[in-house]
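Commentary on secondary and tertiary structure
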Amino acid sequence: MVLEGSTDVGTPGSLGLRQTSSKAPRILPAPPSDNLLLGKEPVKYGELIVLGYNGSLASGDKGRRRSRLALSRRPQANGVKPDVVHHISTPLVSKALSNRGQHSISYTLSRSHSVIVEYTHDNDTDMFQIGRSTENMIDFVVTDTTPGGVAGEGPAAQSTISRYACRVICERWPPYTARIYAAGFDASSNIFLGERAAKWRTPDGLMDGLTTNGVLVMHPAGGFSEGSMPGVWREISVCGNVYTLRDSRSAQQRGKLVENESNVLRDGSLIDLCGATLLWRTPAGLLRAPTLKQLEAQRQEANAARPQCPVGLSTLAFPSPARGRDVPDKQQPWVYVRCGHVHGYHSWGCRRERGPQERECPLCRLVGPYVPLWLGQEAGLCLDPGPPSHAFAPCGHVCSEKTARYWAQTPLPHGTHAFHAACPFCGAWLTGENGCVRLIFQGPLD
């Protein structure tokens, strides 16, 4: 292979990659991977949770296709980092990419010119890849989510998620920083950006680019806790730089570089892959979230209060998650989502001219959707362990007040340029003035 030019990106003045330094070398702690030999639990970097599935996929979590994935330190590091840049003629591209053991990113600038950035092994990082492909190099297989927590499957479903959507690079040493990058390496260990892909030379002479539908990230202000507020959506490049959003999802023109922001994932960061949105939770953040035992205790406590239908006077009870999803039983509580009054199921008050779900509340006469209540079962989506006091409208998923209000004011990407708040448990678009309602239960009369 004839190279028209090669550049070691580790030379001084090239973003500090593989630079030499006169400073004393960094002293690393003893490799905690030794814990693996002692039978101890590996270090957990964090967890990725797909919004819209309320604890598990409808068909069940199987292998790499699941609603939640923990990223833990690997027995051996598999991270990579930029090494050498080649400027070559396009007919030689396939030859340059034939070595499957060599990771690289290929930028096609024209029919006669391509830039290939070779990557080398990094002993200090672990790499995890996310995408629609079921090939072995993908650690977390993600499919398109539709409202109701149903994954798009089969040849008829046109997916907008890339087969190799993104990659997360985690440092193997404290503080175990995790970074997000657009695009993942394929079976040939290559990322290929064709002529039509948005790409450019950076001021220091290196290359960068965006994927077709982009990888968007939003970091909440104040972390992911009781005082959190939604942040600003940004786009992450192939090299991990942060840009403002394009005019539309797949526009050729990139946004502006945001120099004071980084691709470091924080507790509560949202990652949108144009078809599915993932939530990143850190181990420390998960310690603050309610556990499944706490959620079950809250369900039992709510049922022990023996709430009653104010009209039928029947006792209501939230069903056990083990009984099945989305199949209301006789004791299932139902709610008028405009006012929050909780009843048992009844057939009166229909307003056919407004739709089959529109009912008139017998207590306050407000007309609106009348739906069964379901407890949110994905604990990682909750900001606090507060009591289940609020329901999303119009789906009826129940959680704490702070959790409901946070998600109701968090716009999630939809399509090429739209944003909508959605229920994190089922993905249904929220409606009404606030997107959620406080539940009003009637206690037992005896």
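All values reported here derive from a predicted model rather than from experimental measurement. (Residues numbered from 1 in each chain as written. Predicted model: local features only at pLDDT ≥ 70, side-chain atom pairs only at ≥ 80, totals over all residues. Heavy atoms only, no water.)

1. What to know about the sheet that holds strand E26 (residues 390–392)
On the basis of which strands lie adjacent, the open sheet formed by 4 strands has the order E25-E27-E26-E30 and mixed pairing. Both edges of this open sheet fall to strand E25 (374–375) and strand E30 (436–438), since each of them pairs with a single strand only. Bridge analysis of E25 against strand E27 (residues 397–399) gives 2 bridges, and the strand direction is parallel. Counted as the bridge partner of Trp-374 is His-397 from E27. On top of the sheet, helix H5 (residues 401–408) reaches E26, E27 and E30; it is set at about 30 degrees to E26, its chief contact. (Pairing = 2+ DSSP bridges. Helix = DSSP H or I, 4+ residues; strand = E, 2+ residues; numbered from the N terminus. Contact = heavy atoms within 4.5 Å. Axes fitted to C-alpha atoms, helices over the stretch in contact; angles between N-to-C directions.)

2. Some remarks on the pairing of strand E4 (residues 79–88)
For E4, a buried count of 8 out of 10 residues is recorded, marking the element as mostly surrounded by other parts of the structure. Sheet analysis places E4 next to strand E6 (residues 113–122), joined by 9 bridges and oriented antiparallel. Paired with Pro-82 across the two strands is Tyr-119, which belongs to E6. (Buried < 20%, exposed > 50% of the residue type's maximum accessible area, 1.4 Å probe, protein only.)

3. Remarks on the environment of Gly-223
Structurally, the position occupied by Gly-223 is in the loop between strand E16 (215–218) and strand E17 (233–236). With a relative accessible area of 30%, Gly-223 lands in the partly exposed category. Between the C-alpha atom of Gly-223 and that of Asp-267, which follows or precedes it by 44 residues, the distance is 6.0 Å. Apart from residues lying up to four places away in sequence, Gly-223 is in contact with Ser-228 and Asp-267.

4. Quick notes on the pairing of E6
Where strand E5 (residues 104–110) lies against E6, 6 bridges are found, and the strand directions are antiparallel. Looking at the pairing, Ser-110 lines up with His-113 of E6. Linking two consecutive strands that pair antiparallel, namely E5 and E6, is a turn of 2 residues.

5. Considering a nonpolar patch on the surface
Among the surface-exposed residues, Val-311, Trp-348 and Leu-363 lie close enough to one another that they form a single nonpolar patch of about 260 Å² accessible area. Considering the arrangement of structural elements, one finds Val-311 in the loop between helix H4 (292–304) and strand E21 (334–336). (Patch = residues over 30% accessible without salt bridge, like charges linked within 9 Å, V, L, I, M, F, W, Y side chains within 5 Å. Areas by Shrake-Rupley, 256 points an atom, 1.4 Å probe, with all protein chains shown as cover. Salt bridge = Lys/Arg side-chain N within 4 Å of Asp/Glu carboxyl O.)

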